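Structural description and commentary
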Amino acid sequence: MATSSISAATSSTFSAATATSNLNKSTTDTDKTTSSKSSLTKASDAGIKNNLGKYTGVTLDVIDQLIEADPLSTRKSSDEDLIKNLNEQSTAWKNISASLSDLKTALNYLKDDDQYYTKATSSSNQSVATISASTASGIGSYSIKVSQLATSMKIYGGVPAALGTTDADSSQKLNLTGSLNLTSSVGTATLNINDSQNINDIATAINKLTVTVQDDKGKDVVKSLGITATVVANHLVLNSVATGKDNTISVSSTDGTADSLGLGSQAHSVAGQDAVYNIDGYDLTSASNTITNAINGATVTLTGLSAKEADGTLADTTLNVTHDTTYLEAAVENFVNKYNATMKYLNDYTKIDTSTDNLDEKQNGVLEDDSAASRLKSELAHLAISLGVDTDSKTGQKIDTGMTSSKLGLSVDRDGIMSIDTEKLAKAIDNGNGIETIKNFFYNATGRISKEEHGYVTGFLETIKTYNEPDYVKNTKGIINDKLEMNAKQIKELNSDVTDLETRLAEKRENLINQYSAVDAAMEKAEAMLKQIDDWFKTDDNNK
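Keep in mind that what you see is a predicted model, and the values were worked out from it rather than measured.

Considerations on the overall build of the protein
Within the protein one finds 14 helices and 23 strands. Per-residue burial over the protein gives 37% buried out of 544 residues. Here the analysis covers contacts within the protein between residues at least 6 apart in sequence; of these, 71% occur between residues at least 24 apart. Accessible area for the protein stands at about 30,000 Å²; split by element, carbon and sulfur atoms hold 48% of it.

Overview of the pattern of salt bridges
Note on pairing: side chains with opposite charge can pair once their charged atoms come close. According to the stated counting rule, one finds 14 salt bridges in the structure shown. A salt bridge links Lys 54 to Glu 524; its shortest N-O distance comes to 3.6 Å. With a gap of 470 residues between them, Lys 54 in the loop between helix H3 (46–50) and helix H4 (60–68) and Glu 524 in helix H14 (residues 479–543) connect regions that are remote in the sequence.

Topic: the nonpolar core
Counting 46 residues, the largest nonpolar core has Phe 335 and Phe 442 as its most contacted members. Only helix H5 (71–109), helix H6 (113–117), helix H9 (326–349), helix H10 (371–384), helix H11 (422–430), helix H12 (435–442), helix H13 (456–468) and H14 provide two or more residues apiece to this core. At nine residues, H9 tops the list of elements feeding residues into this core. Not counting the four nearest positions on each side in its chain, Phe 335 is found in contact with Leu 103, Ala 106, Leu 107, Leu 110, Met 418, Tyr 456 and Phe 460. Membership of the second largest hydrophobic core comes to 28 residues, among which are Leu 176, Leu 180, Ile 202 and Ala 203.

Things to note about the packing of aromatic side chains
In the structure shown here, the tally under the stated rule is 10 aromatic pairs. Taking 5.1 Å as the distance between ring centres and 25° as the angle between the ring planes, the aromatic pair formed by Phe 441 and Tyr 456 counts as stacked. Remark: Tyr 456 occurs in helix H13 and Phe 441 occurs in helix H12; sequence separation between them is 15 residues. Its relative accessible area of 1% is what places Tyr 456 among the buried residues.

Digging into the side chain of Asn 487
By the secondary structure assignment, Asn 487 is in helix H14. Residue classification places Asn 487 among the buried residues on the basis of a relative accessible area of 5%. Each residue touching Asn 487, except ones within four places of it in the same chain, is listed here: Leu 86, Gln 89 and Ser 90.

A look at the environment of Tyr 327
Along the chain, Tyr 327 falls in helix H9. Distance from Tyr 327 to Asp 114, taken between C-alpha atoms, is 7.9 Å for residues 213 residues apart in sequence.

As for the pairing of strand E13 (residues 275–279)
Along E13, four of the five residues are buried, which leaves the element largely enclosed by surrounding structure. As paired strands, strand E3 (residues 140–148) and E13 are joined by four bridges and run antiparallel to one another. Each bridged residue has a counterpart across the sheet, and for Lys 145 the counterpart in E13 is Asn 278. In terms of strand pairing, E13 meets strand E14 (residues 282–286) through five bridges, oriented antiparallel.

Considering the packing of H9 against H11
Close contact between H9 and H11 brings their axes to 11 Å; oriented N to C, the two are set at 140°. The orientation of H9 relative to H11 falls into the category oblique. For the element pair H9 and H11, the recorded crossing hand is right-handed. On H11, the residues touching Leu 328, Glu 329, Val 332 and Glu 333 of H9 are Thr 422, Leu 425, Ala 426 and Ile 429. The residue inventory of the contact of H9 with H11, partitioned by class, reads five nonpolar, one polar and two charged.

Examining the sheet that holds strand E1 (residues 119–123)
Spatially, five strands are ordered E1-E17-E3-E13-E14 in an open sheet, and the strand pairing comes out antiparallel. The sheet terminates laterally at E1 and E14, the two strands that pair on one side only. Within this sheet the neighbouring strands show an average axis-to-axis angle of 25°, counted without direction.

Side note on the environment of Gly 57
Examined against the element boundaries, Gly 57 turns out to sit in the loop between H3 and H4. The spatial distance from the C-alpha of Gly 57 to the C-alpha of Asp 520 is 9.0 Å, given a sequence separation of 463 residues.

Considerations on the sheet that holds strand E16 (residues 298–302)
The three strands lie next to each other as E2-E16-E15, forming an open sheet whose pairing is antiparallel. This sheet does not close on itself; its edge strands, each paired only once, are strand E2 (129–133) and strand E15 (290–291). In terms of strand pairing, E15 meets E16 through two bridges, oriented antiparallel. When the sheet's bridge partners are listed, Ile 291 is paired in E16 with Val 300.

Describing unusual backbone geometry
Despite not being glycine, Asn 175 shows a phi value in the positive range, around 50°. Assignment of secondary structure puts Asn 175 in the loop between strand E4 (154–156) and strand E5 (178–183). With relative accessibility at 60%, the residue Asn 175 sits in the exposed group.

Some points on the packing of H5 against H9
For the pair H5 and H9, the least separation of the axes is 8 Å and the interaxial angle reads 160°. What the angle tells us is that H5 and H9 run roughly antiparallel. Seen along the crossing, H5 lies across H9 with a hand that is left-handed. Along the contact surface, H5 presents Ala 92, Asn 95, Ile 96, Ser 99, Leu 100, Asp 102, Leu 103, Ala 106, Leu 107 and Tyr 109, while H9 presents Asn 334, Phe 335, Lys 338, Tyr 339, Ala 341, Thr 342, Tyr 345, Leu 346 and Tyr 349. In terms of residue class, the contact of H5 with H9 is made up of 13 nonpolar, four polar and two charged.

Procedures and definitions
Residues numbered from 1 in each chain as written. Predicted model: local features only at pLDDT ≥ 70, side-chain atom pairs only at ≥ 80, totals over all residues. Heavy atoms only, no water. Helix = DSSP H or I, 4+ residues; strand = E, 2+ residues; numbered from the N terminus. Buried < 20%, exposed > 50% of the residue type's maximum accessible area, 1.4 Å probe, protein only. Contact = heavy atoms within 4.5 Å. Areas by Shrake-Rupley, 256 points an atom, 1.4 Å probe, with all protein chains shown as cover. Salt bridge = Lys/Arg side-chain N within 4 Å of Asp/Glu carboxyl O. Core = buried A, V, L, I, M, F, W, Y, C linked by side-chain atoms within 4.5 Å. Phe/Tyr/Trp six-rings, centres within 6.5 Å; stacked < 30°, edge-to-face > 60°. Pairing = 2+ DSSP bridges. Axes fitted to C-alpha atoms, helices over the stretch in contact; angles between N-to-C directions. Parallel < 35°, antiparallel > 145°, perpendicular 65-115°, else oblique. Left-handed = near helix turned anticlockwise from the far one by under 90°. Nonpolar A, V, L, I, M, F, W, Y, C, P; charged D, E, K, R; others polar.

This is the structure:
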């Protein structure tokens, strides 16, 4: 019996030693990790895992270190580092793309006539007249005198018979049925009146009257009749919306309704009148106090009568139209800010750290090796210092506006960052350079059928288009979008590889746990059997 037990213990110990001898093979064989689990599955029992390393010294920490040192882990880490780098590159390109879009918007402002030709206006006496001006307006000062304002025609009705007096309750029903015909310069409308209405209801109804007229294209449109009605001390007062002596209004009826409302023979009217004024010595009249045809591109609004001087003449009011340079100055400053925002991104992302030779310590930009980013940076910096001189693609002739970026206060440092001398810019705008010269420097277009664009902004816009917009001829979505798609595809492939590697490493880790757990279990069993054998021998000795 003792001999049999010794043989069993020896067999168990031999099995443990055999399992240990095969460990090195299992840790390097990446293709057989799943097949080695078969008879050792029970070794994953929680109780055995708690004893892992008790005899072999190989704990879970040691196994994790073995997995970490495995070539598959190295490959997984490499993939994850590359995924991180590609994500950082994509983020960088997205930031650059958004910044280029902002720069494009700023450049398009510099193409807009409003930035150059917007006018500032002023009046020496706003209680007499004010002025506003479009971009088409000329520059100048104008003297105006106002002797009469335009007014509208009014019809003052009497007290309706149903009310009788001015102090009667205006909310009482008039018990009147009939119709009124009202005519203005817009057209004629008929108002039907019923016996439930009071004088206030009728005034409200008049205010809502509309007519259908044809516009310049012959299309029917609905417009207000242009007559307003109010109730003053139980009198209906009708007023023409349009001013001027020719914009008359009238009211009539065929059934006596007008007389019943006090708008017949009891009513009296006051004719409208035209405005009478003088601009720069020219005597003029207008049906409206808002005058659009006296000064080209400008609107003059008459607000009151000119005061009389001591000699009886009317006092002058001066109206001024000047260039509003704040729009252009703001547009140029906005361009500089958006350009610098883009260049700052490019400088940061293409940076090469020269502060150390240690590759692990270098803080290089994520696009340091990206030729497209370096090329974009170089192109923008070159365009920033260009003179705005362009070549006519048809004639080959140089188009030189006589203006330069430096004359406008623009300068660029060695990093491509632009600065602006606002005083120099303001001086260039105000001095003899002229708004037209400055506009042609930034942007000008020639030709009607085949439009040729020239100027400072065009080079920037072409570069932005190459990077940010699709080119259907070249079958590209733009340099940046092509890069983003390529990165996304590579990231997807790498993520798939990482998932596969994680699965294989998890299987290998479990396999190692199972094998070392089996060795520990075998050695624990052998130790128990040896102790039992020893106890048997002691018992035999005591029995002798």
